[in-house]
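Chain and residue survey
Letter by letter, the chains look like this.
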Amino acid sequence: MLIKLTSEKSIGVLRQVIEERAKQSGFGVMSVHDVGGILQSKGVPINYPCVIIEVCSPRHASQVLSKNPSIATAMPCRIALYESEGKTVIETIAPTKMLEAYDEPDLKPVAQEVEELLLNILKESA
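Here goes a summary of the coordinates provided. (Residues numbered from 1 in each chain as written. Predicted model: local features only at pLDDT ≥ 70, side-chain atom pairs only at ≥ 80, totals over all residues. Heavy atoms only, no water.)

1. Observations regarding the side chain of Ser-125
In this fold, Ser-125 is placed in helix α5 (residues 108-125). With residues up to four places along the chain from it excluded, the contact list for Ser-125 reads Lys-9, Leu-14, Val-17, Ile-18 and Arg-21. (Helix = DSSP H or I, 4+ residues; strand = E, 2+ residues; numbered from the N terminus. Contact = heavy atoms within 4.5 Å.)

2. Here's the deal with unusual backbone geometry
The residue after Met-75, namely Pro-76, is reached through a cis peptide bond having omega -10°. Mapped onto the elements of the fold, Pro-76 is located in the loop between α3 (58-67) and β4 (77-84). A positive phi angle, near 55°, is found at Glu-85, a position not held by glycine. Within the fold, Glu-85 resides in the loop between β4 and β5 (87-93). Positioned with a positive phi, Asp-103 is a non-glycine residue whose angle comes to about 50°.

3. Some details on the pairing of β5
Burial runs high along β5: five of the seven residues are buried. Looking at chain direction, strand β1 (residues 2-7) and β5 are connected through six bridges and run antiparallel. What sits directly across from Lys-4, in β5, is Glu-91. As paired strands, β4 and β5 are joined by six bridges and run antiparallel to one another. If you follow Tyr-82 over to β5, its bridge partner there is Val-89. Counted between consecutive antiparallel strands, the loop separating β4 from β5 contains two residues, among which Glu-85 sits at a positive phi close to 55°. (Buried < 20%, exposed > 50% of the residue type's maximum accessible area, 1.4 Å probe, protein only. Pairing = 2+ DSSP bridges.)

The following block contains the structure:
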């Protein structure tokens, strides 16, 4: 269900590289959330840095939303970066697995394409 890689790069460096690679692959960066910083500011810190990068491919989004507007609940794709055991973890939910919740088998090729693109972005960034 999860796509998970590790890297020796810092979260800051990975964030920049992932954003660049996503744009080069036709994705837009919708938002970046410094979850660790947000929780710290609310008085409920976690003991590691955590950032979530939200990316979306307009072409693929249009294809799935034209078929089923409910799929918007699973969008955009979220890439989590966090530190664990001295490494930076890069993790996302596999679009093919997420699509299974919507009973739309016709959209499986779209989800597979998005998953391949995301996997390439993550591998090239790590």
